[in-house]
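# Secondary and tertiary structure notes
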Amino acid sequence: MGLLSDPNRRRALISLLTRLNAPICVVCYMAGVAWFMGLAFEPFTLRTYMSENAMGSTMVEERFPAGEKALATGREFAAHKKKAGGMPVDWLVKTMQSRGLEVFTQRFSRTLPFPDENKERYMVKGTNVYGILRAPRASRTEALVLSAPCTPGDNNNQAVGLLLGLAQYFRSQVFWAKDIIFLVNEHDLIGMQAWLESYHHTNTTGMDWSPLQGRGGSIQAALSLELSSDVITSLDLVLEGLNGQLPNLDLANLFYAFCQKIGVLCTTQGKLQRNDWDSVSGYSHAVQTMMLMVMKQASGRSWGDHGLFLRYHIEAATIKGINSFRQYKTDITTIGRLMEGMYRKLNNLLERLHQSYFFYLMPSLSHFVSIGYYMPAFGLLAVILLLRALDLWVQLTAPPPRTEDGVVDPEQMSSPGVLSVLTPLVISHLTGVALYTLPIRFQEMAVEHFPVSETEAVVLTAIAVYTAGLALPHNTNRLLSGGGTEQGWKVLKLVAVLYLAVLLGCTALINFSLGFILAITLVPVAAFVTPHVPKFLSAFVMIVLSPACTLLFSVFFFQELQEMPISFLDGWMLYLSVISQGILDHCLYGSLVYPLIALLVYPCWLIFWNILFWK
């Protein structure tokens, strides 16, 4: 405190920070990236442990015996699904009723803002079927959910068969203290969204659905099951939910504990855990696993049906069966025993899962990186913006230099007008509003005048608005206020740097992965762009580090992490698909990534683009 309260020392500190501003910024950027890359090194991570006392032991005896019967039920379900051309509602109702459940159905419909070409749907109509096993030993105020999506073709039939087998087995047990809801939802996330909205009496997406005729208690936890083979080699745990939300870490710990007990091979991000952490290949494997989680979380989309539960503060995860060419095989009976053990431990909960972490990264299922470990990496990048803001503030408040004759340069004395600073801010954000609203509103007009589909019209309109925005801000500024002053761009950059610091900080608190990726690309732009740098080279670097190019690079990087490299043409088509899915996810489920990029991140980048071409 004495350093800051003493005026002489304060001036000396500020002088040091401004004189060494650029070297300190470079060191902070390199240190932030190095810190993040070091998080996957096993000695720097924490070993997972169970924080919830009610689930602290796996000492339950799992007795589920009906694996073969569950497979037979799954084959019967597949036959009826093929005959009905979709969800076999009547057969599911009769089958659940025969297993002693209270069975109800829910109809829903939704017209998409534009066709989903990936799943070939536009007018979506479907039915959810769910059965409730009432708790025989409690007041029925709490519930657990086990769901299995009804997907087209031969996918996930085994999961529905296992769900029905578990329902019959659970019905014969008397120790349940919570209602257990067995849900088969149609049209994946859309059906799950309709069921959750109706269960909680909310309608945030404008979907049409019929009210639920039966309810259980307050949902404490949920698991979604995806199995598409009679025999699997490993179970993959999917955690990433909508807008980067993650379930409580104890749910992942519970899954890992029972896999270890029963002897089931388990993975996260489809990657097996390796023990040679001290080797280069072991560290590279951990980095690859962690980066896959970062990329998925940054996308803001739900990577399974569980992701929609998280917005209702319900801890949920998706368990996905993988059948690869490994020698190790696991039958359905073993998976049923694992599910039984997990639900028996969740049945013991006296309160919602809350004692473990909600913000974490996982380089493996046995180790995790807590928020206290990974936030310093972001902090080192964010401090660069504060250092640049300090440097600009010192330059703006310093007395103007004098010539040898003692005369002050009038250019340095002139203060910037409000209009010259406010105009780029307003125009940049109006461009962002256009990027957010025009693609969907103009799709019909684009289809009428160009030989493209509705989905292509939306994506190409978004790209056109994004590209047109590059020419608007600095031209508008020149038209309205004539030539800008030297002080003008410094004031504008000071506002933009502080704006970006607040924006990235708030984003990182909600979705660290998205905030960190944006900081990696935008902080160098914000730190070093001025009107005096070489225009052509700087413009090229700014475009490469722009939000659109960051997304394009992320598409190729994600494929490389999955060890499925693609050609540039295939990558470009996937890039267009990712844009359309991002807009659809926002309209259907409330994903915030698209409005964040369109309304805040892109306008902020445009302000720095305007500074580069300041005249």
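You'll find the protein entered in an unreviewed UniProt entry as GPI-anchor transamidase component GPAA1, with Dissostichus eleginoides given as the organism. Check the Subunit (unreviewed entry) section of the UniProt entry for the protein; it says "Heteropentamer. Part of the GPI-anchor transamidase complex, consisting of PIGK, PIGT, PIGS, PIGU and GAA1. Interacts with PIGK."

The end-to-end C-alpha distance of helix H7 (residues 188-199) is 17 Å, a good match for the 16 Å that twelve residues give at a rise of 1.5 Å each. Here H7 lies mainly inside the structure; twelve of its twelve residues are buried. Once H7 finishes, His 201 follows within two positions and takes phi at roughly 55°, a positive value.

Turning our attention to the sheet that holds strand S3 (residues 121-133). Taking strand neighbours across the sheet as the criterion, the nine strands line up as S6-S2-S3-S5-S4-S7-S10-S8-S9 in an open arrangement whose pairing is mixed. Looking at the sheet topology across the chains shown, the edges are occupied by strand S6 (208-209) and strand S9 (266-268). Bridge count between strand S2 (residues 102-116) and S3: eleven bridges; the pairing is antiparallel. Counted as the bridge partner of Arg 110 is Val 124 from S3. Helix H21 (residues 568-589) rests against S2 and S3 of the sheet, and its axis sits at about 135° to S2.

This part covers the UniProt feature "transmembrane region" (unreviewed entry) in the protein. According to UniProt, the positions carrying the feature "transmembrane region" (unreviewed entry) are residues 20-41, 371-390, 417-436, 496-529, 536-558 and 591-612. With 82% helix and 0% strand, residues 20-41 has its two end C-alpha atoms placed 32 Å apart. For the annotated span residues 371-390, helix accounts for 100% and strand for 0% of the residues, and the straight-line distance between the end C-alpha atoms is 28 Å.

Between the first and last C-alpha of helix H6 (residues 157-171) there are 21 Å, a value that for 15 residues agrees with the 21 Å anticipated at 1.5 Å per step. For H6, the tally of buried residues reaches 13 of 15 residues, placing the bulk of the element in the interior.

Formed by 114 residues in total, the largest nonpolar core has its most connected members in Phe 36, Trp 195 and Phe 608. Take this core: its biggest share by element is 14 residues, from helix H22 (residues 593-612). With residues near it in sequence (within four places) discarded, Phe 36 still touches Met 290, Met 291, Val 294, Leu 361, Ala 377, Phe 512 and Phe 516. One finds Val 93, Ile 180, Leu 225 and Val 264 within the second-largest nonpolar core, a separate group that totals 68 residues.

Let us look at unusual backbone geometry. Even without a glycine there, the phi angle at Asn 156 is positive, about 70°. Position of Asn 156 relative to the elements: it lies in the loop between strand S4 (142-150) and H6. Residue Asn 156 is classed as buried on the basis of its relative accessible area, which comes to 4%. We note that Asp 188 has phi near 40°; this positive angle belongs to a residue other than glycine. Mapped onto the elements of the fold, Asp 188 is located in helix H7.

To continue, consider the side chain of Thr 48. Position of Thr 48 relative to the elements: it lies in the loop between strand S1 (46-47) and helix H4 (67-84). Contact partners of Thr 48, with chain neighbours within four places excluded, come to Asn 253, Tyr 256, Met 362, Leu 365, Ser 366, His 367 and Phe 368.

This part covers the pairing of strand S5 (residues 179-186). Burial of S5 is extensive: eight of the eight residues sit out of reach of the surface. Both S3 and S5 contribute to a ladder of five bridges, which runs antiparallel. Along S5, the bridge assignment pairs Gly 131 with Phe 182. Bridge count between S4 and S5: eight bridges; the pairing is parallel. Paired with Leu 146 across the two strands is Phe 182, which belongs to S5. Regarding topology, H6 serves as the crossover connection from S4 to the parallel S5, and that connection is right-handed.

The rules behind each value
Residues numbered from 1 in each chain as written. Predicted model: local features only at pLDDT ≥ 70, side-chain atom pairs only at ≥ 80, totals over all residues. Heavy atoms only, no water. UniProt positions renumbered as here; feature names shortened; annotations may be inferred. Helix = DSSP H or I, 4+ residues; strand = E, 2+ residues; numbered from the N terminus. Expected span 1.5 Å × (residues − 1). Buried < 20%, exposed > 50% of the residue type's maximum accessible area, 1.4 Å probe, protein only. Pairing = 2+ DSSP bridges. Contact = heavy atoms within 4.5 Å. Axes fitted to C-alpha atoms, helices over the stretch in contact; angles between N-to-C directions. Core = buried A, V, L, I, M, F, W, Y, C linked by side-chain atoms within 4.5 Å. Right-handed = clockwise from strand over helix to strand, strands pointing away.

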